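The chain contents come next:
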Amino acid sequence: MSLMGSLYIGSSGLQTSQNALNTTAHNLSNIDTVGYTRQQVQLSDRRYVTLSVDPKAVNNKQTGLGVVYSRVKQIRDSFLDKTYRKESGRSMFYQVSTEVMEEVESQLGEMNGEAFQTTITDFWTSIQELAKDPASSVTQGLLVQRASEFVERAGAVYEGLCSYQDNLNIQIRKQVEKINDYGDKLLYLNDKIRAIEAGGIEHANDLRDARNQILDELSQMASITYAEDMYGSVSVQIEGVDFVKDGTCYEIGLYTDPNTGFYTPFWPINANYRVLADGTKEYNIDGAEVFNLNREISTDLNTDIGGLKAMLHARGDHRADYSDIEKDYDGVSQSVVMNIQAEFDQLIHNVVTKVNEILAKAAGVQDGDITLADGSTLNGVKFAFDDPDGYMHRPDGSPIQMFGKVATEGYRKVSGTVTYTETYTDDDGNTQTRQTTKTGDFWVYNEENLEETESLYSIKNLQIDQELMQRPAMLGFRLPDGSEDKATAEALKAAFTEESYTLNPNVKKKTTFVDYYTDLVSQVSNSGYAFRSIYQNQESTVEAVHSAREQVIGVSSDEELSNMIKFQNAYNASSRYINVISEMLEHIITTLGH
C-alpha cells in the first residue's frame, strides 16, 4: 500500500476516536437525565484491498483501509423494560388505592377536628339522660339538639366522601387527557425516528429515549403492551386494544354520566353513536369501555395494573347509599368510596328508622288494611288515626317523626275504612285481641322504595322535623293519664344497645349502633393496612427491577472516564501515526527526490 494511502488509516482513526469521545462526553453530560440510556460506540473494519490472490496460500494478500465508526447503540434489556413497566403499573395501582384509603380514613376519623364517633356518643348520651327524666323539657331539648347534630355531621362526612369522588373524577379526566397527549407524542417520535434512521446510518437514540420514557409513564397509568416494527415505529395497546398503530392514535374518549357527571373512558372507534341535530355525536359506550371494572382484582389475572384503573375502581360509578347494600352489594363492594358511602349511610338509616319506629309505636301506629273512598285498598300498611290531640302526634294529627325526608313526606293523609287488630282488656283483666273496623281519616306511612331515591331515609334525603326543632316539648313523653312514658324512653335506650346490625352481607358479626361505626373505621384501617403492605412490597419489587435495569442502561462515570482515556489514547496514536507517515513522505520527497 502506498504511503499516501496509509494516510486514510490514520485519518479514520482520528475521526472514529473523535466521534467516540463525543459519545462519551454525551453520556457524561446526561448522567443525571431521567430516561437517558447509556450509548455505546461500535467500531468495525473498513473494507480491505486485495493485492494478490494465491491459491496456494492460506490467505490472500490484503491491506486494510482503517477503522469505521459503524454505529452508536443503546444498551437496553427488553426483558427488564417489560418487567419494570408491568411492575411499576401494578405499584401505581396499589399506591393510588393506598392514598384513597388514607383519604377515606381522614374523612371518617376527623371532621373539623371532631371525630364523628363523638357525635354518635353524644346522641347516645342524650337518650340515656332522657331515660332518667323523660318528661323534662331539658332532656327532650337535648335529645332533639343531638339528633340535629347527628344529621348535620353525618351529612358533612357523606358530603366529604362525595367531594372526594368528584376530586377523583377530575383526576381521571386529566389522566385520560395525558394518555391521549402521550399518544400524539408517540406518533411524532415515530415519524422523526423513521426519518432519521431511514438511511441506515444514523440512530435517533435521544428520540428513542424520549419514546421509552413515555412508555414508562404510560405503563403506570394503564396496562400496556407494545412492539417495534422493522422501520423503528412502536405500536401500543392499552388493555388489549390498539392505541397507537400504523401512524394513527386511537384516542380515548370520555363519556359523561348525565346524573353524576362521572367520566367513563371508552374507545370511540368501538362505540356506536348517532349524530344529533347540532352535529354532535351521542355515543352508546356499552362494550366499548377501556376498563372492565367487573373483573376480579387479582395479581394472577394481571387486573391490578395502572393508576387510572385504581381511580375508577375507587370512585365507583354513582353516589352510593344503603339501598345498594340491599340491592346489589357486589356492585359497590370493589369501590372503596362507594362501599364506605353505602355502609355509613346504612348506619344512619338504621339509627333514623329505629328511632322513628319507636316514636311511631308510642303514637299508636299499627298495621291494617284500608279501603279508600274510591274502592281501592291498601293492604298491610302502617297507619295511625288522625288525632291532633293524640300522644306523640303533631298539631296536624300526624304521628311525630324525629327524622323526616326532604323530598317526600313520612306520612300521607287518607280517608276510608280501616280493618286492624285491636288489643283490649276484658272484664277479667286479661289482654285480648279482636278485628276492628273504623271509618274516618288516617295517616298512612309512606314505605321506602329502594328504586326511588326520594322515598329513602338516607343521608342525602334526611332532615330533622322543623316543627320539632322549634318545639322539642312536642314529644311530651307523658301518657294520656299524665304518667311519664318511661317505656318509650327505655325502648330508645335499648335500641342503642341491641346487637342487630352488620356492616354488609359478607360480615356475620352483629353489632350495636355505637360499635357499628367503630367496626366501620376498623374495616377502613385494616383495608388501608392491607393496601399499604401490598404497595410497600410492590415498591421493593419495582426498586429491585429498576436497579437491575439501571445497571444496564445507566451511565457509570467510572466506566465513561475509562472510555475517555482509551479513546483519547487512540486519538493520540492515530495522530502520531499520521505524523510518522508525513515525516516519511517529507523525507522521501526532500532527500531521495534529488
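Structure first, text after, so check above.
Treat the numbers as computed from the prediction; the structure is a model and nothing was measured.

**Student:** Is there a simple way to explain the packing of aromatic side chains in this structure?
**Tutor:** We describe a pair of aromatic rings using the distance from one ring centre to the other and the angle between the two ring planes. Tallying each qualifying case throughout the model produces 21 aromatic pairs. Taking the centre distance of 5.5 Å and the plane angle of 10° together, the rings of Trp124 and Phe496 count as stacked. Here Phe496 lies in the loop between helix H11 (486–495) and helix H12 (513–553) and Trp124 lies in helix H3 (residues 116–132), a separation of 372 residues in the sequence. Of the residues examined, Trp124 reaches a relative accessible area of 14% and is grouped as buried. A relative accessible area of 3% places Phe496 in the buried class. A ring pair is formed by Phe344 and Tyr517, whose centres lie 6.3 Å apart and whose planes are at 65°; its orientation type is edge-to-face. Residue Phe344 is found in helix H9 (residues 336–362), and its partner Tyr517 is found in helix H12; the two are separated by 173 residues along the sequence.

**Student:** Just to check I follow, could you spell out the sheet that holds strand S8 (residues 248–249) for this structure?
**Tutor:** Reading across from one edge, S5-S6-S7-S8 is the order of the four strands in this open sheet, with antiparallel pairing throughout. Of all the strands in the sheet, the pair left with one neighbour each is strand S5 (224–228) and S8. Pairing analysis gives three bridges linking strand S6 (residues 234–238) to strand S7 (residues 241–245), with the strands arranged antiparallel. Looking at the pairing, Ile238 lines up with Val241 of S7. Its contacts with the sheet place helix H4 (residues 137–197) against S6, S7 and S8, and it is angled at close to 45° to S7. Contacting S5, S6 and S7, helix H5 (residues 205–221) crosses the sheet at an angle of about 160° to S5.

**Student:** What am I meant to see in the side chain of Ser335 here?
**Tutor:** Here Ser335 shows up in the loop between helix H8 (330–333) and H9. Looking at Ser335, the relative accessible area reads 5%, which means it is buried. At a separation of 3.2 Å, a polar atom in the side chain of Ser335 contacts the main-chain amide nitrogen of Met338.

**Student:** Whenever I open this one, the pairing of strand S16 (residues 411–425) confuses me. Can you help?
**Tutor:** Regular strands have side chains that alternate between both faces of the sheet. Alignment of strand S13 (residues 366–372) against S16, held across five bridges, turns out to be antiparallel. Across the sheet, the residue bridging to Thr371 is Thr417, located in S16. The hairpin turn running from S16 into strand S17 (residues 431–445), its antiparallel successor, is five residues long, and Gly429 in that turn takes a positive phi close to 85°.

**Student:** What is the right way to look at the sheet that holds S17 in this model?
**Tutor:** Remark on secondary structure: sheet strands pair via backbone hydrogen bonds, oriented parallel or antiparallel. As summarised here, the arrangement of the four strands in space is S13-S14-S17-S16, forming a closed barrel in which the pairing is antiparallel. The mean angle between the axes of side-by-side strands here comes to 55°, regardless of whether they run parallel or antiparallel.

Here is what the cut-offs are and how they apply
Residues numbered from 1 in each chain as written. Predicted model: local features only at pLDDT ≥ 70, side-chain atom pairs only at ≥ 80, totals over all residues. Heavy atoms only, no water. Phe/Tyr/Trp six-rings, centres within 6.5 Å; stacked < 30°, edge-to-face > 60°. Helix = DSSP H or I, 4+ residues; strand = E, 2+ residues; numbered from the N terminus. Buried < 20%, exposed > 50% of the residue type's maximum accessible area, 1.4 Å probe, protein only. Pairing = 2+ DSSP bridges. Contact = heavy atoms within 4.5 Å. Axes fitted to C-alpha atoms, helices over the stretch in contact; angles between N-to-C directions. Polar contact = N/O pair within 3.5 Å; in protein donor to acceptor, adjacent residues only side chain to side chain.

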